[in-house]
Amino acid sequence: MIVLKPRQQTPELQVNTLSGPWSLAEQTPENFTMVVVYRGLHCPLCRTYLQELSRLTEDFKALGVTALAVSSDTEERAKQAFEEWNIDNLTLGYGLTVEQSQAWGLHRSAGRGKTSIGIEEPAEFTEPGLFFIKPDGTLYWSNISTMPFVRPSFKELLGAIGKVLEMNYPARGELV
């Protein structure tokens, strides 16, 4: 499994979004591009998580952070999530491939039927990940999970990013 290290170049990421093609290489944030990988329409925790991000998107923009939320869902499932979850402040991507997930060090799971909210899991899907990428394409920070539970709070991240920028805090965790 690939392990991305801070201060190293991230893999290229190109995905389709509900508003058109998106490429990491074409992003020009003032400070960071935040890539939020979510499990998909079947995940009630993802719904709550992305709703929080949608509410705070403007706060992240004020800190020079642009955001993409992406899953391995199909376009149809992404549209359904976008409409039903009320996350209209987000750029929502879909179709994250197995190869892209592997290149970013993300875990994958096999679907096991209907979830607690009655939505069928896809045959395979990518588990959560959160990445902050500097404008030069290097990784600043990441959080990768094998489960939908206990993800970093976006409110706490806002405070942390504010401090990072104020203190010019370096990326950490680069050693093997």
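None of the values given here were measured: they were computed from a predicted structure. (Residues numbered from 1 in each chain as written. Predicted model: local features only at pLDDT ≥ 70, side-chain atom pairs only at ≥ 80, totals over all residues. Heavy atoms only, no water.)

(A) Summary view of the overall build of the protein. Helix and strand counts for the protein stand at four helices and nine strands. Across the protein, helices and strands are ordered from the amino to the carboxyl terminus as β-β-β-α-β-α-β-α-β-β-β-β-α. Summarising its shape, the C-alpha atoms of the protein cover approximately 45 × 35 × 30 Å along the three principal directions. Across the 176 residues in the protein, those meeting the buried criterion constitute 48%. Taking as baseline every contact in the protein between residues at least 6 positions apart, the subset at least 24 positions apart corresponds to 69%. Looking at charge distribution, the protein has the averaged site of its 16 positive side-chain charges lying 6 Å from that of its 21 negative ones. (Helix = DSSP H or I, 4+ residues; strand = E, 2+ residues; numbered from the N terminus. Buried < 20%, exposed > 50% of the residue type's maximum accessible area, 1.4 Å probe, protein only. Contact = heavy atoms within 4.5 Å. Lys, Arg positive; Asp, Glu negative; His and termini not counted. Charge placed at Lys NZ, Arg CZ, Asp CG, Glu CD.)

(B) Structural detail: helix α2 (residues 75-85). Considered for burial, the residues of α2 that qualify are Arg77, Ala78, Ala81 and Trp85. The buried side chains of α2 occupy one side of the element, clustering within an arc of 100° when seen end-on. In α2, those exposed residues whose orientation departs by more than 90 degrees from the buried face are Glu76 and Glu83. Taken together, the buried residues of α2 touch α1 (44-62) and β5 (92-94). Looking one or two residues past α2, Asn86 carries a phi angle of roughly 55°, positive in sign. (Arc of directions from axis to C-beta.)

(C) Looking closely at empty space enclosed by the protein. All told, the structure shown has one cavity of 30 Å³ or more when counted by the stated rule. Within this model, the largest cavity holds a volume of roughly 50 Å³. Taken together, Val36, Val37, Tyr49, Pro128, Gly129, Leu130, Asn143, Ser145, Arg151 and Pro152 form the lining of the largest cavity. Residue composition of the lining of the largest cavity, by class: six nonpolar, three polar and one charged. (1 Å grid on protein atoms, 1.4 Å probe; cavity = no way out; pocket = protein on both sides within 12 Å on 5 of 7 lines; lining within 4 Å. Points joined across faces, edges and corners; volume = space filled by probe spheres on them. Nonpolar A, V, L, I, M, F, W, Y, C, P; charged D, E, K, R; others polar.)

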